[in-house]
Amino acid sequence: MPAAAEKPTVTPATDSIRFFDAQFQRQVLASDLKLNPFEEQALPYLHGRVLDYGCGLGNLAIAAARQGCSVVALDASRTAIEHLRQAAQAEALPIQASEADLRTHAVHEDFDAVVCIGLLMFFDCPTAFAQLRNLQAHVRPGGVAVINVLVDGTTYMDMFDPSAHCLFARDELPKRFGGWEILRCDFQDFPAPGEKVKAFVTIVARNPGERGAA
Ligand SMILES: C[S@@+](CC[C@H](N)C(=O)[O-])C[C@H]1O[C@@H](n2cnc3c(N)ncnc32)[C@H](O)[C@@H]1O
């Protein structure tokens, strides 16, 4: 299936969306398109029908499609979505890439794998938690969720919209995946400009079935 040529929706830009759109423009120009460490960790768990919620440049979507997945990839960055559509089209990969405001987006389909790397902390906490529940509800029984967020201990804040962001408590994701089979849960700190720190948690969890999400 070729990349969808949907009409872009208009997303009210936040500081975070502008920050990443500018970064993606530089990365596309420099052909800086490698998987980040969290995407590397996620890739082996992806199979079947995959949702990449906040896909950025789509490097993970492309890698997953190359290994046989069909991917729905969503992000608010027009630069990223246009790049991903072109890349998918060039290789005839089954990736449906669309611009969307993921604070309010409703998912209408169930997936074998739902990935959300580095997105939810850019929403206010009630929105982040509501969208996490929304994603959990659309993982098929036996399917996996891969969720990565910034946690308490992060001191680099330049990419945040001051009026709306959510640094997760360190135990927030494990708690919210109570009842799921936790395949891995990794805490990783990375140095950031100005001797600051970005502290992440990444959880990979399997939906055990009818018992479902907490
Ligand atoms: C840290 S990047 C992560 C991108 C990708 N998952 C990765 O691992 O490279 C954060 C992403 O969130 C997107 N984003 C931020 N706010 C958004 C919103 N309200 N709706 C949709 N995407 C948003 C940005 O455009 C950016 O692609």
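Everything below is about the structure printed above this text.
Anyway, here's the lowdown on the structure attached to this text. Being a predicted model, the structure only gives us computed values, none of them experimental.

The next subject is the pattern of salt bridges. All told, the structure shown has ten salt bridges when counted by the stated rule. Among the salt bridges present, the one from E109 reaches R49, with a minimum N-O distance of 2.5 Å. With E109 in the loop between β3 (95–99) and β4 (111–117) and R49 in strand β1 (residues 49–53), the pair connects residues that are 60 residues apart, well separated along the chain. With relative accessibility at 18%, the residue R49 sits in the buried group. Here E172 makes a salt bridge to R176, at a shortest N to O gap of 2.6 Å.

A few words on the pairing of β4. β4 sits mainly inside the fold: seven of its seven residues count as buried. When β1 meets β4, the two strands line up parallel, connected through three bridges. Bridge pairing in β4 places L51 opposite V114. In this sheet, strand β5 (residues 139–150) lies alongside β4 in parallel orientation, the contact comprising six bridges. Looking across to β5, one finds that F111 is bridged to V139. At this point the chain moves from β4, through helix α5 (residues 125–136), to the parallel β5, and the crossover so formed is right-handed.

This part covers the packing of aromatic side chains. Note on aromatic pairs: each is described by the distance of the centres and the angle between the planes. Taken as a whole, this structure holds nine aromatic pairs when the rule is applied. Taking 5.3 Å as the distance between ring centres and 70 degrees as the angle between the ring planes, the aromatic pair formed by F20 and F122 counts as edge-to-face. Taken as a pair, F20 in helix α1 (residues 15–29) and F122 in the loop between β4 and α5 lie far apart in primary sequence, 102 residues in all. On the basis of relative accessibility, which here comes to 22%, the residue F20 falls in the partly exposed class.

The strand order β3-β2-β1-β4-β5-β7-β6 describes an open sheet built from seven strands, whose pairing is mixed. The strands lining the two open edges of the sheet, one partner per strand, are β3 and β6 (181–192). The average angle at which neighbouring strand axes cross in this sheet is 10 degrees, direction not considered. Most of the contacts of helix α4 (residues 78–91) go to β3, to which it runs at about 160 degrees, and overall it touches β2 (70–75) and β3.

The environment of the ligand is formed by 20 residues, the closest being N36, G54, D75, L102 and I117. D101 is positioned such that a nitrogen or oxygen atom in its side chain is 3.1 Å from a nitrogen atom of the ligand. Between the ligand and L102 there is a distance of 3.0 Å, counted from a nitrogen atom to a backbone nitrogen or oxygen. Calculation on the ligand without its partners gives an accessible area of 590 Å², and the protein chains cover 91% of this total. The dominant element in the shell around the ligand, judged by the number of residues it contributes, is α1, at three residues.

The rules we used
Residues numbered from 1 in each chain as written. Predicted model: local features only at pLDDT ≥ 70, side-chain atom pairs only at ≥ 80, totals over all residues. Heavy atoms only, no water. Salt bridge = Lys/Arg side-chain N within 4 Å of Asp/Glu carboxyl O. Helix = DSSP H or I, 4+ residues; strand = E, 2+ residues; numbered from the N terminus. Buried < 20%, exposed > 50% of the residue type's maximum accessible area, 1.4 Å probe, protein only. Pairing = 2+ DSSP bridges. Right-handed = clockwise from strand over helix to strand, strands pointing away. Phe/Tyr/Trp six-rings, centres within 6.5 Å; stacked < 30°, edge-to-face > 60°. Axes fitted to C-alpha atoms, helices over the stretch in contact; angles between N-to-C directions. Contact = heavy atoms within 4.5 Å. Near = heavy atom within 4 Å. Polar contact = N/O pair within 3.5 Å; in protein donor to acceptor, adjacent residues only side chain to side chain. Areas by Shrake-Rupley, 256 points an atom, 1.4 Å probe, with all protein chains shown as cover.

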